[in-house]
Amino acid sequence: MSELANCQHNYGAFGLNILSDIPLPELPVHTSTDFSPAAVSITASSHEGWPSLEANEHSTPSLQMAAGDWRLELEGIGWFRAHAGETLSYERWDDSVSDRDLRTFLVTSGLAALLIQRGALVLQGTTLVRNGQAVMLLGAPASGKSTLACCLQQEGWQLLSSELSVVSEQGLVWPGLQQLKLWHDSAVALGLDWAQLPLVRRGLKRYALLPEADVSSQAIPLALIYIIIGGNRNKEAGECEIQTRHVKRQAVALLRLRNNAYQPRVYRAMDQEANLFLQVSALARRVHIYSLELPDSVKRMQQALEKVDLLIAGSLEAKPATELEAAAEAQEEAK
Amino acid sequence: MSTPDNGYWYLASYPKSGNTWCRVFITELQRLAGEETPEELNLNLDVETGAIASSRLWLDDQLGINSCDLSFAELDPLRGRAGESAWLFAEGERFHKVHDGFQSPDSRGRPVVSTAGCRGVVYILRHPEDVAVSLSHFFSWSLESCLNFLLDPSAALVPSARHGGHQVRQHMGRWDQHVLSWVDQQQLPVLVMRYEDMLVKGPETFLALTQFLGLPDDPSLVNQALRNTSIESLQKLEDQVGGFAEKPKGAERFFRSGRSGEGAQQLTLEQRQRLAEGLQKVMRRFDYEGVDEA
């Protein structure tokens, strides 16, 4: 890896030593001396020099993939390539593209693709730590993970990984992205001085919240997984309970984890789907999984968190399955 | 490049114009034509005709990124690259609901939906006076606000960049701009369906739909599907599932009245004149009567 000579920045995230030629402040600086993680590189290179790719049928016009090779073309931003689980290359679209623009996609989609190539289990989730135990919040983009995570930070929890979380075979979650992204309305509702926060990217009304305290450099045992689901439309306005329901059926838990993998299409296109099934199956056996329904406002979320402990699932309001949920689970299982 | 499937279609409309009725009809027709016919349609489990084109989850799957990291101005030109491949876990033919106009001011002259491999679009339209009344119930807006919305060239669903959501912004523009953006575009075959014809001339209108979409077109099957998806049947099915999943929080129910002519009854003369003044050309083109301009 001759490009490594240009990599002045050294990070330790997702169990990897990440050497980069551009600064990535979202990642923890590599400090650990008690193990030697595999090194991967992030470097600029001309996409015209990348070898031609025979993309498979799971590719899309933006996302070209084959086993061990992932290419993303984002008009106006750049080209990205993850290869063989070792190198992440990029080229900016033009000189107007900032480092911030590039790294937004390098540390999310790019690193996730690289990790999937390495056989890692990458979930679309934010993980927080308290008392040496980790809780993972899974859910679709804009489902409330970051807002809930920020509320938990205000309650003393520490962020371990945002947006994507990597779980080891032993059920440990590695430190990862250290940046919570908050929409303007959430930042206001959380009482943050949003005018002082950096934008995630120019043109967005989304702010980057970086941790003040040092983050853990060690992987942390995963205690519980919460899958955030959409609010109950028939819920009374003003209710401020956080409601949970234990996902007891293994088959349903497995499918929900699979659906919350980071970019399931990427797993399939890079021949890692069987591996994903094995990994989520093992995880579903190891860790209890709950669906979690949030109150419909940040204030009520904060009030609810004062009364419950997410490390003790039993402290939350248990929600009986509605007829619809029971039927949906049966349908999921049948699939 | 496309994931092998049976192609895809769009069911496009301005909101509250009969799009959901159309999707439920297609689902019911396929259910009736299937080898194993379950007892009854479950509105919340069975109506899976394909992702709405503005679904963030769908766009993220297609684009390979978290679309929250793009501004609307960046996202709209890229949206046309989403859709050529099937949703990862989808099976069979896809009928994507769309409320966006065919293009947006940010899409750089490109469609905001994929056209490659698309087999066609069904455009459903409804008298704008009735759309105003239906929007009012759906969004819990005043009739005046709904009129302003129908006449606003920058009207959009999910327009705020200050918070996220499960759907991205959908630019629609004025009601007449929305209609023309779809019915006059030259890139996809179009079948135009008027809501009023779906009500009054159901059998032939829905038969034409099934033939356009290449669905089973046995008239007895079409008529049975139509009976099973009448407004009374849909209200009963909605009650059975304790509320349709697509109903907004403030609305009492999703399938409310389904009638035509409510706008003429509930809007004031001045309000009807405003609509006519703004939309008359397209209203006339599709045989919608209004009142004379003030």
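Residues numbered from 1 in each chain as written. Chains lettered and ligands numbered in written order. Predicted model: local features only at pLDDT ≥ 70, side-chain atom pairs only at ≥ 80, totals over all residues.

1. A few points about the overall build of chain A
Check the secondary structure of chain A and you find eight helices and 19 strands. Considering only contacts in chain A between residues 6 or more positions apart, those separated by 24 or more positions represent 65%. (Helix = DSSP H or I, 4+ residues; strand = E, 2+ residues; numbered from the N terminus. Contact = placed C-beta atoms within 7 Å.)

2. Things to note about the overall build of chain B
Tallying secondary structure elements over chain B gives 13 helices and six strands in all. Expressed as a percentage of its 294 residues, the buried residues of chain B come to 45%. (Buried ≥ 20, exposed ≤ 12 C-beta atoms within 10 Å, placed from the backbone.)

3. Notes on helix H4 (residues 72-79) of chain B
Regarding H4(B), the residues found buried are Phe72(B), Leu75(B), Asp76(B), Leu78(B) and Arg79(B). Buried residues in H4(B) make contact with helix H3 (56-63) of chain B.

4. Quick word on the sheet that holds strand E2 (residues 16-20) of chain A
All names here are of chain A. Spatially, the seven strands line up as an open sheet ordered E1-E2-E3-E7-E6-E5-E4, and their pairing is mixed. At either end of the open sheet lies a strand with only one pairing partner, and these are strand E1 (9-13) and strand E4 (63-66). Strand-to-strand, the axes of this sheet are offset by a mean angle of 15 degrees, without reference to chain direction. Pairing of strand E3 (residues 39-44) with strand E7 (residues 87-92), which is carried by four bridges, proceeds in the parallel orientation. Bridge pairing in E7 places isoleucine 42 opposite leucine 88. (Pairing = 2+ DSSP bridges. Axes fitted to C-alpha atoms, helices over the stretch in contact; angles between N-to-C directions.)

5. So, the environment of Arg94(B)
Residue placement: Arg94(B) occurs in strand E2 (residues 94-98). C-alpha separation for the pair Arg94(B) and Gly83(B), spaced eleven residues apart in sequence, amounts to 9.8 Å.

6. Quick notes on the pairing of E3(A)
In this sheet, E3(A) lies alongside E2(A) in parallel orientation, the contact comprising four bridges. Note that in E3(A) the partner of Asn17(A) across the bridge is Ala39(A).

7. Quick word on the domain arrangement of chain A
Residue and element names in this part refer to chain A. Partitioning chain A into structural domains gives domain 1 (2-118) and domain 2 (123-334). Residue-level contacts link 27 residues of domain 1 with 26 residues of domain 2. Elements with a contribution of two residues or more to the side of domain 1 that touches domain 2: E1 and helix H1 (99-117). The element that contributes the greatest number of residues to the side of domain 1 that touches domain 2 is H1, accounting for ten residues. For the side of domain 1 that touches domain 2, the class distribution of residues is 13 nonpolar, eleven polar and three charged. (Domains from an automatic or database assignment. Nonpolar A, V, L, I, M, F, W, Y, C, P; charged D, E, K, R; others polar.)

8. With respect to the sheet that holds strand E3 (residues 118-125) of chain B
All names here are of chain B. Read across the open sheet, the four strands follow the order E2-E1-E3-E6; overall the sheet is parallel. Unpaired on one side and paired on the other, E2 and strand E6 (190-194) mark the two borders of the sheet. Geometrically, the sheet is characterised by an average inter-axis angle of 20 degrees between neighbouring strands, direction not taken into account. As judged from the five bridges shared by E3 and E6, these two strands associate in the parallel manner.

9. Digging into the environment of Val129(A)
Residue and element names in this part refer to chain A. You can see valine 129 is positioned in strand E9 (residues 125-130). Considering only alpha carbons, one finds valine 129 and glycine 156, 27 residues apart in sequence, at a separation of 9.2 Å. If sequence neighbours within four positions are ignored, valine 129 has contacts with Ala134, Trp157, Gln158, Leu160, Ser216 and Ile220.

10. Points about the nonpolar core
All names here are of chain A. Counting residues in each nonpolar core, the largest one holds 156 residues, and the members touching the most others are Val122 and Ala134. In terms of residue count, H1 provides more of this core than any other element does, ten residues in total. Mapping this core onto the domain boundaries places at least three of its residues in each of domain 1 (2-118) and domain 2 (123-334). With sequence-adjacent residues up to four places away left out, alanine 134 is seen in contact with Thr127, Leu128, Val129, Leu160, Val173, Ile220, Pro221, Leu222 and Ala223. (Core = buried A, V, L, I, M, F, W, Y, C linked by C-beta atoms within 7 Å.)

11. A word on helix H13 (residues 269-285) of chain B
Residues and elements named next belong to chain B. Maximum bend of H13: about 85 degrees, positioned at leucine 279. Taken together, the buried positions of H13 are occupied by Arg272, Arg274, Leu275, Ala276, Gly278, Leu279 and Met283. Where the residues of H13 are buried, they touch helix H5 (128-139), helix H6 (143-150) and helix H7 (175-183). Directly beyond the C-terminal end of H13, a positive phi value near 60 degrees is found at aspartate 287. (Bend = angle between axes of the 7 residues up to and from the residue.)

12. As for the packing of helix H4 (residues 250-259) of chain A against helix H6 (residues 273-286) of chain A
All names here are of chain A. Interaxial distance between H4 and H6 falls to 9 Å at its minimum, and their mutual angle equals 125 degrees. In this view, H4 runs oblique relative to H6, as classed from their interaxial angle. Relative to H6, H4 is oriented so that their crossing is right-handed. Touching Gln250, Ala253, Leu254, Leu257 and Arg258 of H4 are Leu276, Phe277, Val280, Ser281, Leu283 and Ala284, all from H6. Taken together, the residues of the contact of H4 with H6 sort by class into eight nonpolar, two polar and one charged. (Parallel < 35°, antiparallel > 145°, perpendicular 65-115°, else oblique. Left-handed = near helix turned anticlockwise from the far one by under 90°.)

13. Examining unusual backbone geometry
Phi is positive for Lys16(B), which is not a glycine, with a value near 65 degrees. Among the structural elements, Lys16(B) can be located in the loop between strand E1 (8-13) and helix H1 (19-33).

14. Brief notes about the confidence of the model for chain B
Averaged over chain B, the pLDDT score is 88; the fraction of residues at 70 or greater is 85%. This complex was scored by the predictor with a pTM of 0.88 and an ipTM of 0.90. (pLDDT = per-residue confidence, 0-100.)

15. Let's talk about the packing of H1(B) against helix H10 (residues 219-228) of chain B
Geometry of a packed helix pair, given as the angle between the helix axes and the separation of the axes. Residues and elements named next belong to chain B. Taken N-terminus to C-terminus, the directions of H1 and H10 make an angle of 130 degrees; their axes are 9 Å apart at the nearest point. Classed by the angle they form, the pair H1 and H10 counts as oblique. Regarding H1 and H10, the two cross each other, and that crossing is right-handed. In contact with Phe25, Glu28, Leu29, Leu32 and Ala33 of H1, H10 contributes Leu221, Val222, Gln224, Ala225, Leu226 and Asn228. For the contact of H1 with H10, the class distribution of residues is eight nonpolar, two polar and one charged.

16. A closer look at the environment of Gln124(A)
Residue and element names in this part refer to chain A. Along the chain, glutamine 124 turns up in the loop between strand E8 (121-123) and E9. Owing to 23 C-beta atoms within 10 Å, glutamine 124 belongs among the buried residues under this scheme. Put simply, glutamine 124 and aspartate 193 are 69 residues apart on the chain and 28 Å apart in space, counted from C-alpha to C-alpha. Ignoring any residue separated from it by four or fewer positions in sequence, one finds glutamine 124 in contact with Leu138, Leu164, Asn260, Ala261 and Tyr262.

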